[in-house]
Amino acid sequence: MPPTDLSLQIQLHPFPDGDAVAQALAQAVADDLRAALALRGQASVALSGGSTPRRFLQALSLQPLDWSQVTVTLVDERWVPEDSERSNARLLKEHLLQGAAAQARFVPLFQPAATPEDALDSVHATLPARLDVVVLGMGNDGHTASFFPGGDRLAQALDPAGDAVLLPMRAPGAGEPRITLTLPMLRDAGRLYLHIEGAEKRQVLQQALSGQGEGAGYPIRAVLRALSAPLQVYLAY
């Protein structure tokens, strides 16, 4: 049986460059947050680290929102303190939580403990029960969140029927130990986005969608297979 093509599992939003995709994605995420605020008076969003989202985070920080009623957290985090250049929390504080957006309630995934396991329960207790918006990134190895190929808890994190919200993760390509939201937590968000830029990542996504070659084993493919609504893919050519 040939690999299943998952093209219907995405809705593609292509843009000519990184600035254009950053502005469009910031507008879309802010619209979702405004809708949640209008409905419930509060909203929540989980964001990704890395180098790709910097312009998007800066654009999102300028969106007019009642930031004081918005909870911001991370999709995943390296187990490093906030003053480390590798910290995703540091990235958000430098590029998003500025100006009016500094009023948002920030929930970090790192706590001052020796390992992610030591802080798992206390971090879990701080998280929103459900997320209105999630923005994922993707690596050239097909990982998203901290769902790394070869990860020690990859199968558990990707289990669509799992009851864990948050898990530690160690993998050859991860560098430091990580802590990550699990697939069920991401899948159940009100809106799920993927933000990618460049030809190499477009190719990785295409391989994941088709299931051809290495794409059959990419963690992002497992995410796509579990979704009940199309993933909103914002990409820059």
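Each residue is numbered by its place in its chain's sequence as written, counting from 1. Local features in this predicted model are restricted to residues of pLDDT 70 or higher, and side-chain atom pairs are both shown and tallied only at a pLDDT of 80 or more, whereas totals for entire chains, interfaces and linings draw on every residue. Heavy atoms throughout the structure, all of them, feed into the side-chain values; hydrogens and water do not.

Visitor: Can you lay out the nonpolar core for me, pointing to particular residues and giving the numbers?
Guide: Nine residue types can take part in a nonpolar core, namely buried Ala, Val, Leu, Ile, Met, Phe, Trp, Tyr and Cys, and a core is a set of them joined through side-chain atoms within 4.5 Å. Exposed residues in this analysis have more than 50% of their type's maximum accessible area, buried residues have under 20%, and partly exposed residues fall in between, with area computed by a 1.4 Å probe over protein chains only. By size, the foremost hydrophobic cluster in this structure holds 84 residues, and its most contacted members are V29, L47, F56 and V72. A run of H or I in DSSP becomes a helix once it reaches four residues, and a run of E becomes a strand once it reaches two; helices and strands are each numbered from the N terminus. Here this core takes 11 residues from helix 1 (residues 18–40), the largest share from any one element. Whether two residues touch is decided by their heavy atoms; if any such pair falls within 4.5 Å, the residues are in contact. Sequence-distant contacts of V72, defined by excluding residues within four places in its chain, comprise V45, L47, W67, L92, L96, L97, A104, R105, F106 and V107.

Visitor: Outline the sheet that holds strand 7 (residues 166–169), supporting the account with residue identities and numerical values.
Guide: Either a parallel or an antiparallel arrangement is found when strands of a sheet pair, and the pairing is made through backbone hydrogen bonds. Here 3 strands make up an open sheet; going across it, the order is 4-8-7 and the pairing antiparallel. Where the open sheet ends on each side, the last strands, each with one partner, are strand 4 (76–78) and strand 7. Looking at each pair of strands side by side, their axes are set apart by 15 degrees on average, direction ignored. Note on geometry: axes are lines fitted to C-alpha atoms, helical ones only across the stretch in contact, with angles between N-to-C directions running from 0 to 180 degrees. Packing against the sheet, helix 4 (residues 116–126) makes contact with strand 7 and strand 8 (178–181), and its axis sits at approximately 165 degrees to strand 7. The criterion for strand pairing is that DSSP finds at least two bridges linking the strands in question.

Visitor: Explain the packing of aromatic side chains to me, using residue names and the numbers behind them.
Guide: Ring geometry is summarised as follows: Phe, Tyr and Trp rings, the Trp one being its six-membered ring, pair when their centres sit within 6.5 Å, and such pairs are stacked at plane angles under 30 degrees, edge-to-face over 60 and tilted between the two. If you walk through the whole model with that rule in mind, you get 3 aromatic pairs. With a centroid separation of 5.9 Å and an interplanar angle of 15 degrees, the aromatic rings of F15 and Y234 are classed as stacked. Taken together, the residues F15 in strand 1 (residues 10–15) and Y234 in strand 10 (residues 231–236) connect sequence positions 219 residues apart. Note on F15: relative accessible area 21%, which makes it partly exposed. Pairing Y193 with Y234 gives two aromatic rings, centres 5.6 Å apart and planes at 65 degrees, and the pair type is edge-to-face. Of the two residues, Y193 sits in strand 9 (residues 191–197) while Y234 sits in strand 10, which places them 41 residues apart along the sequence. The exposure class assigned to Y234 is buried, which follows from its relative accessible area of 8%. By the ring-pair criterion, three or more aromatic residues cluster together here, those being F15, Y193 and Y234.

Remember, this is a structural readout, not a statement about activity or role.
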